[in-house]
Amino acid sequence: MASMETVIPCVLMRGGTSRGPFFLGDWLPADPVERDRLLLAAMGSPHALQVDGLGGGNTLTSKVAIVSRSTRADCDIDYLFAQVSVDRATVDTRPNCGNMLSGAAPFAIDEGLLKASDGVTSVRVHNVNTGAVVEAVVQTPGGRLTYEGDARIDGVPGAAAPVRLNFLDAWGAVTGKLFPTGLRQERIEGVAVTLIDAAMPMVLMRASDFGLQGDETPAQLDGNAALLERIERIRLVAGARMGLGDVSDSVIPKPVLLAPSSAANGLALRSRYFTPRACHRAHAATGAVGVASAFLMPGTVAHECGGPPVTAGYRTVRIEHPSGVMEIDVELDKDSEVVRAAGLVRTARKIMKGLLYVPGHYGLAQAA
């Protein structure tokens, strides 16, 4: 006789330019191995279309957020992000996702973990993946959460309430250092790279070193098998140098191809962000924070794409990505050339809430 299916609450949300199910921590198995097997079955992985689950057949729509009351006295909620592979039976909880993060505070308020203030509510989020703390400021007029508003972000149709994300201590959160190797620039396979851990561990490279302009579409880049293979070889070496070990089954570090902006003025650069084996259709929020930070810091590959002289205080950097532009506010300490904080505006929307039905055999079906 077949085992009975597992039924758990689930809230499907869009966070920034990503989408996926949100769960309270106690809705899921406590054992990480069992939890990950359930998430694979819930998303329909591994399968190119994820037709038997909630996934959308793309890395941007195969993400999961798990939210709980914080275990830290200085934070309000814990947020654990899980990147569920589309075509592999793997779940990676090493990276953060700033887009999905934009839905964590609204979700926590909706589910009664937090009480909303009148006007706006500031929520201190502990990112369990990296240990970093992010302040999320959400709109709560009259003490009630709203998803409605006039904020627009490129890559998402329509408008919604703004969610301000302020990254407070994301520098070196994963590897322990902003520049894990101690160098602002080095070479891998003859290519100049900057290995940086700023909100997300990344490998920054110049598009021109690959014979590219930096304005290519994701389809053009994804269709270049030789390019993807070369980037992956560089990424694997970078992961080892950054102290991350064998990253062949991990989505970090993320490769990024950069180029100077064609804009006549302003602080801007082009960015093509990989997730890591396909080009992002827009741009990761955490990745944009790291790119903007590197752009303001002399000696990096990013700074050589039109970066300005060092100036203390906040600067707004425009990241040009395949779906438009993302603006990042970065505060730099002039004396030490260290990033003190960075922030950006995202939006989020609750799409549905209900019960998720997972096959009772999920633990065996996804064992790998």
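Preceding block: the structure.
Each chain has its residues counted from 1, running along the sequence as written. Thresholds applied to this predicted model are a pLDDT of at least 70 for local features of residues and 80 or more for the giving and counting of side-chain atom pairs; totals over whole chains, interfaces and linings are not thresholded and use all residues. Only heavy atoms go into the side-chain values, all of them from the structure, while hydrogens and water stay out.

**Student:** So what about the pattern of salt bridges? Which residues, and what values?
**Tutor:** The term salt bridge refers to a side-chain nitrogen of Lys or Arg lying within 4 Å of a carboxyl oxygen of Asp or Glu. Scanning the model with the defined rule gives 15 salt bridges in all. The partner of Glu-304 in a salt bridge is Arg-206, and the shortest N-O contact between them spans 2.3 Å. With Glu-304 in the loop between α6 (285–295) and β14 (313–321) and Arg-206 in strand β11 (residues 201–206), this residue pair connects regions lying 98 residues apart in the sequence. For Glu-232, the salt bridge goes to Arg-235, with nearest N and O atoms at 2.9 Å. Here the residue Glu-232 and the residue Arg-235 both occupy positions in helix α5 (residues 225–241), the gap between them amounting to 3 residues, near one helical turn. Like Glu-232, the residue Arg-235 is buried in the burial classification. Numbered from the N terminus, helices here are DSSP runs of H or I no shorter than four residues, and strands are runs of E no shorter than two. Exposure classes here rest on a 1.4 Å probe applied to the protein chains alone. A residue is buried below 20% of its type maximum, exposed above 50%, and partly exposed in between.

**Student:** Could you give me a rundown of empty space enclosed by the protein, with the residues and numbers involved?
**Tutor:** Only protein atoms enter the 1 Å grid, on which a cavity is a set of points fitting a 1.4 Å probe that cannot get out and a pocket is an open set with protein on both sides within 12 Å along at least 5 of 7 lines, lining residues being those with an atom within 4 Å of a point. Grid points are joined across faces, edges and corners, and a volume is the space filled by probe spheres set on the points. A full pass over the atoms with the stated rule returns 2 cavities of 30 Å³ or more. Lining the largest cavity are 13 residues; nearest its centre among them are Lys-63, Lys-254, Tyr-273, His-280 and Ala-284. Three residue categories are used. Nonpolar comprises Ala, Val, Leu, Ile, Met, Phe, Trp, Tyr, Cys and Pro, charged comprises Asp, Glu, Lys and Arg, and polar comprises the others, including Gly. Within the lining of the largest cavity, the residues separate by chemical class into 5 nonpolar, 6 polar and 2 charged. Lining the second largest cavity, in full, are Pro-106, Val-138, Gln-139, Leu-145, Thr-146, Tyr-147, Ala-161, Pro-162, Val-163 and Ala-348.

**Student:** Kindly report on the layout of surface pockets, identifying the contributing residues and their values.
**Tutor:** Space inside the largest pocket adds up to approximately 400 Å³. What lines the largest pocket is a set of 20 residues, and nearest its centre among them are Thr-59, Ser-85, Val-86, Asp-87 and Arg-277. If you list the elements that add at least two residues to the lining of the largest pocket, you get β4 (77–84) and β5 (91–92). By volume, the second largest pocket is sized at about 190 Å³. Residue composition of the lining of the second largest pocket, grouped by class: 6 nonpolar, 1 polar and 6 charged.

**Student:** Now, about the packing of aromatic side chains: what can you tell me, with residues and values included?
**Tutor:** Classification of ring pairs uses Phe, Tyr and Trp, with its six-membered ring standing for Trp, and accepts pairs whose centres are within 6.5 Å; under 30 degrees between planes counts as stacked, over 60 as edge-to-face, and the remaining range as tilted. For the coordinates displayed, the defined rule picks out 2 aromatic pairs. Geometrically, the ring pair formed by Trp-27 and Phe-107 is edge-to-face, given 6.2 Å between the ring centres and 90 degrees between the ring planes. Here Phe-107 lies in helix α3 (residues 104–110) and Trp-27 lies in the loop between β2 (18–24) and α1 (32–43), a separation of 80 residues in the sequence. Accessibility classification places Trp-27 together with Phe-107 in one group, the buried group. Taken together through their ring pairs, the aromatic side chains of Phe-22, Trp-27 and Phe-107 make up a single cluster.

**Student:** Can you explain unusual backbone geometry? Please cite residues and give values.
**Tutor:** For the bond running from Ser-45 to Pro-46, omega is 0 degrees, close enough to zero to count as cis. Looking at the secondary structure, you find Pro-46 in the loop between α1 and β3 (63–69). Following Ile-252, the chain continues to Pro-253 via a peptide bond in cis, the omega torsion being 0 degrees. As for its position among the elements, Pro-253 is in the loop between α5 and β12 (254–260). Non-glycine residue Gln-50 carries a positive phi angle of around 50 degrees. Structurally, Gln-50 is set in the loop between α1 and β3. Given the relative accessible area of 1%, Gln-50 is considered buried. Positive phi, close to 50 degrees, is recorded for Glu-189, a residue that is not glycine.

**Student:** I'd like a rundown of the pairing of β4, residues and numbers included.
**Tutor:** In terms of burial, β4 is a largely internal element, 8 of the 8 residues being buried. Along β4, one buried face is formed by Ile-77, Tyr-79, Phe-81 and Gln-83 and the opposite face, lined by Asp-78, Leu-80, Ala-82 and Val-84, is buried too. Strands pair, by our definition, only if DSSP identifies at least two bridges between them. Strand direction decides the pairing type here: β3 and β4, joined by 7 bridges, are antiparallel. If you follow Lys-63 over to β4, its bridge partner there is Gln-83. In the sheet, β4 pairs with strand β6 (residues 119–127) via 3 bridges, with the strands oriented parallel. Looking at the pairing, Tyr-79 lines up with Asn-127 of β6.

**Student:** I'd like to hear about a nonpolar patch on the surface, residue by residue, with values.
**Tutor:** Here a patch means residues that are over 30% exposed by relative accessible area and free of salt bridges, tied together within 9 Å if like-charged and within 5 Å if nonpolar (Val, Leu, Ile, Met, Phe, Trp, Tyr). Only the protein chains shown count as cover for residues, with accessible areas throughout obtained via the Shrake-Rupley method and a probe of 1.4 Å. A cluster of nonpolar side chains, contributed by Val-7, Leu-355 and Tyr-357, occupies part of the molecular surface with about 300 Å² of accessible area. Within the secondary structure, Tyr-357 is located in strand β16 (residues 338–358).

**Student:** Quick one: what's the story with α5, residue by residue and with numbers?
**Tutor:** Here the expected length of a helix is defined as 1.5 Å per residue gap, with one fewer gap than residues. With 17 residues, α5 should reach 24 Å at 1.5 Å per residue; the first-to-last C-alpha distance of 25 Å fits that figure. Three or more residues of α5 are buried, namely Leu-227, Ile-231, Glu-232, Ile-234, Arg-235, Ala-238 and Gly-239. In this fold, the buried residues of α5 make contact with β9 (186–188), β10 (191–197), β11, α4 (218–222) and β12. Of the residues flanking the end of α5, it is Gly-243, one or two places downstream, whose phi is positive at about 85 degrees. In what follows, a contact means two residues having at least one pair of non-hydrogen atoms within 4.5 Å.

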